[in-house]
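The primary structure of each chain is shown beneath.
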Amino acid sequence: MTPEQRQELLNCQSAVRAANYDLEEALKRHFPIGGSIRWQRGLYPQNGVVEGHGFGSVLLVRNSETGKKIRITEFEILQAASRDARDSVPLNPSS
């Protein structure tokens, strides 16, 4: 590996670490402990309460329907948000 290749990899690694930190901080800011949250696992949107922040992009939540405590990530939150946005668009925008 050349010194230039090594430096490029180090720069990329630093960028990934910074992005992961930003993601973790955004999740803590937008989903505080005790706040309500919506996520989707499989085909079904679910609702619950944030009970803690795990390592990285993991949130510890309690499902409001089942009472189970589970771990979710930003991917599951974004899935539900995408579904909600899609469902709120009128089928016939001209009407």
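Everything numeric here is computed off the predicted structure, so don't read it as measured data.

Definitions and cut-offs
- Residues numbered from 1 in each chain as written.
- Predicted model: local features only at pLDDT ≥ 70, side-chain atom pairs only at ≥ 80, totals over all residues.
- Heavy atoms only, no water.
- Pairing = 2+ DSSP bridges.
- Helix = DSSP H or I, 4+ residues; strand = E, 2+ residues; numbered from the N terminus.
- Core = buried A, V, L, I, M, F, W, Y, C linked by side-chain atoms within 4.5 Å.
- Buried < 20%, exposed > 50% of the residue type's maximum accessible area, 1.4 Å probe, protein only.
- Contact = heavy atoms within 4.5 Å.

**Quick word on the pairing of strand 2 (residues 44-53)**
Summarising the sheet, strand 1 (residues 36-41) and strand 2 pair through six bridges and their orientation is antiparallel. Bridge assignment links glutamine 40 to a residue of strand 2, and that residue is proline 45. Hairpin connection from strand 2 to strand 3 (residues 58-63): four residues lie between these consecutive antiparallel strands, with glycine 56 at a positive phi of about 70°.

**Observations concerning the nonpolar core**
Within soluble globular proteins, side chains that are nonpolar generally end up buried alongside one another. The biggest cluster of nonpolar side chains holds 10 residues, and these are Leu27, Phe31, Ile37, Trp39, Val50, Leu59, Val61, Ile70, Ile72 and Ile77. The set of elements that each furnish at least two residues to this core consists of strand 1, strand 3 and strand 4 (69-73). Dropping the residues within four chain positions of it, phenylalanine 31 is found in contact with Ser36, Ile37, Val50, His53, Leu59 and Ile77.

**Focus on the environment of glutamate 24**
Along the chain, the position of glutamate 24 falls in helix 1 (residues 3-30). Distance in space between the C-alpha atoms of glutamate 24 and glycine 56 is 5.5 Å, their sequence separation being 32 residues. Beyond its immediate chain neighbours, meaning those up to four positions away, glutamate 24 contacts Gly54 and Gly56.

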